[in-house]
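This is what each chain is made of:
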Amino acid sequence: MLTPRTTLARRVTAALDASPSRIPVLLGGCGSRRTTLLRQLRERIGRTAVEYIDVERTATTPERFLRAVTAVSPFPVADTSTPGPLGARAAFDATLGFFGRARTAAGEPATFFLDEFLELRTFESFPGLRRVLHDCIDGLAASSNRFVLTSRYVARTLRLLRDQSARFEVIHMPALSAEDTSDILGPTAAPGGADSDAHDAEYLARTVLALADGRPTYVRALADELAVLREHGGPGSGDAISALAGLLASEGRLAKQCEFSYELRLHRARGYGALKAILEILGDEEGLTLTEISHRLQRTPGSTKDYLSWLEDVDLVTSRSKRYSFTDPLLRVWVRLHCRATAPSEDDLAREVHRYALPRLPPQVEAPKPQPQAEPAFAMAGGPPSGIIEID
C-alpha cells in the first residue's frame, strides 16, 4: 500500500526524470523529515550521481562555500583557483557556474540536493550579493542539471518563487496519517492481538497524532516516551497526555525541540525582543486582531504590523481572517510554560498539557463486541456443537 511518504518520493523522482526536469522545492517545518527524504533519494539514485549539500552548515563566506561544494563533489571539478583573492561575488558566480555546468563522469546531467537553500541569504552582507537568492534561483532555472531544494521557511520560499520559472514545483511535506503514527508507535500501540487491544491501539495512534499536530518529530518523541513508560510500567504507562507532560518538562525532549525552533526562527527574523513579546501575548490568548495586539504591546498599529509580518515571515504565527495565532500549537504550550521567570512546576505542566490536549482528543468509540456465532441446525437438533458430524 502506498503511504504519503512513498507517494512523495515518487513525485520528486518524477519531477527529476521529466524532460526538461522540474525542480522540486520541499517545504516543511522543523522535524518534517525533509532531510531524511533527501538522504533516502540520494541512496536510491546513487551517491556518485548526486551531491547533497547542507547549505545551513556550509554557507559562511562565498569563498569557503565554493570550496565546501567542490571539495567532496562526486562530479569532476575544474580548477577554480586564481592568482589573487577570488572575491565574494566572483566566488558565488563560480559556485553557480559549477551548479549549472557540472556533469557526471559519464557526461550526464548532475543532480544537486540543496538542503535549506534559503540560508544562502547569509551572503547578502557581502559586496555585490544583495540579490543572492534571486541570482541563485535564476541560475538554477537556466541550467540543464537537476536540483531538489528544501526549506523550513514556507512563507519566505513562496514569496521568493512567486514570479519565478515554472520549472519550480513546490511540494509541502505532508502531515503523518493515523496509519503512519501506528507504524511509528509499533508494539507500544498494539500490545496484543485481541479486538479490544486493536481498538485501544487505534485510539492511541489517533490521540498521539492529534497531540503532535501530525508533525513527525513530535510523534516520534511521544512514541519513544510511551515506550519508556510502558517498559517501566506503573500509572500512566499508556497515557499519551502523561507522556506529553513529561516531554514538555524543563529537560524534556519536546521542550528542547520547541526551544530550538523558537530561537532559530526568531534569530532569522527582525525585531527579536518585540517578537518575543508578541509570542507571549499570543501565548496568553490566541485569535487576537492587530489592534488588540498593539494595545497589549503598547506600540503603534503600524510598528505592530511590521512585527507580525516578520513573525509570519519565519512561520511562527499565522493570520486567518485578520486574527493571529501560533503556526505550531505545541510551541504555544512551550511558550506558556517556559517563557517566564521560573521553571514550570508539575502542577503547571499538568494544567497546561491538559488544557492543550483535551480539546484535541479523538472521540472514544467502543470496540465492537464479538457476536456469538449461530450453531448449525443439526446442533440444535442434538448434533455435536462443534459442527463436525461423527459417524460410528
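Rules behind the numbers
Residues numbered from 1 in each chain as written. Predicted model: local features only at pLDDT ≥ 70, side-chain atom pairs only at ≥ 80, totals over all residues. Heavy atoms only, no water. Helix = DSSP H or I, 4+ residues; strand = E, 2+ residues; numbered from the N terminus. Buried < 20%, exposed > 50% of the residue type's maximum accessible area, 1.4 Å probe, protein only. Contact = heavy atoms within 4.5 Å. Areas by Shrake-Rupley, 256 points an atom, 1.4 Å probe, with all protein chains shown as cover. Pairing = 2+ DSSP bridges. Axes fitted to C-alpha atoms, helices over the stretch in contact; angles between N-to-C directions. Expected span 1.5 Å × (residues − 1). Salt bridge = Lys/Arg side-chain N within 4 Å of Asp/Glu carboxyl O. Phe/Tyr/Trp six-rings, centres within 6.5 Å; stacked < 30°, edge-to-face > 60°.

### Digging into the overall build of the protein
Move 1: The helix and strand tally for the protein stands at 18 helices and seven strands.
Move 2: Split into buried and exposed, the 392 residues of the protein put 44% on the buried side.
Move 3: Restricting to contacts in the protein with at least 6 residues of sequence separation, those with at least 24 account for 70%.
Move 4: When the accessible surface of the protein is totalled, it reaches about 20,200 Å², and 52% of it is carbon and sulfur.

### Quick word on the sheet that holds strand 3 (residues 111-115)
Move 1: The five strands lie next to each other as 2-3-4-1-5, forming an open sheet whose pairing is parallel. Pairing within the sheet leaves two strands with one partner each, and these edge strands are strand 2 (50-54) and strand 5 (168-172). With strand direction ignored, the average angle separating the axes of adjacent strands in the sheet is 15°.
Move 2: Set on the sheet, helix 6 (residues 132-142) makes contact with strand 1 (23-27), strand 3, strand 4 (146-151) and strand 5; between it and strand 4 the angle comes to about 150°.

### Details of helix 15 (residues 301-313)
Structural remark: α-helix, 3.6 residues per turn; residues separated by three or four positions point the same way.
Move 1: Taking 1.5 Å per residue, 13 residues should reach 18 Å; helix 15 reaches 18 Å between its end C-alpha atoms and fits that length.
Move 2: Within the sequence span of helix 15, burial applies to Thr304, Tyr307, Leu308, Leu311 and Asp313.
Move 3: With its phi angle positive at about 60°, aspartate 315 sits one or two positions after the end of helix 15.

### Let's talk about the pattern of salt bridges
Move 1: Under the counting rule described, the total for this entry stands at 28 salt bridges.
Move 2: Ionic pairing is found between arginine 206 and glutamate 202, a salt bridge with its closest N-O pair at 4.0 Å. With arginine 206 and glutamate 202 both in helix 9 (residues 195-211), this residue pair falls four residues apart, about one helical turn.
Move 3: Take arginine 206: its relative accessible area is 22%, and that puts it in the partly exposed class.

### Describing the packing of aromatic side chains
For any pair of aromatic rings, the description rests on two quantities: the centre-to-centre distance and the angle between the ring planes.
Move 1: For the structure shown, the criterion picks out nine aromatic pairs.
Move 2: With a centroid separation of 5.7 Å and 75° between ring planes, the pair formed by phenylalanine 98 and phenylalanine 112 is classed as edge-to-face. On the criterion of sequence distance, the pair formed by phenylalanine 98 in helix 5 (residues 88-101) and phenylalanine 112 in strand 3 is long-range, its members being 14 residues apart. Neither residue differs from the other here; phenylalanine 98 and phenylalanine 112 are each classed as buried.

### Focus on helix 12 (residues 253-268)
Move 1: Taking 1.5 Å of rise per residue, the 16 residues of helix 12 would be expected to cover 22 Å, and the 23 Å separating its terminal C-alpha atoms lies within 8% of that figure.
Move 2: Within helix 12, burial applies to Leu254, Ala255, Cys258, Ser261, Tyr262, Leu264, Arg265 and Leu266.
Move 3: Among the structural elements, helix 3 (55-58), helix 10 (216-232), helix 11 (240-247), helix 13 (272-284), helix 15 and helix 16 (329-338) are those in contact with the buried residues of helix 12.

Purely geometric stuff here, so don't read any function into it on its own.
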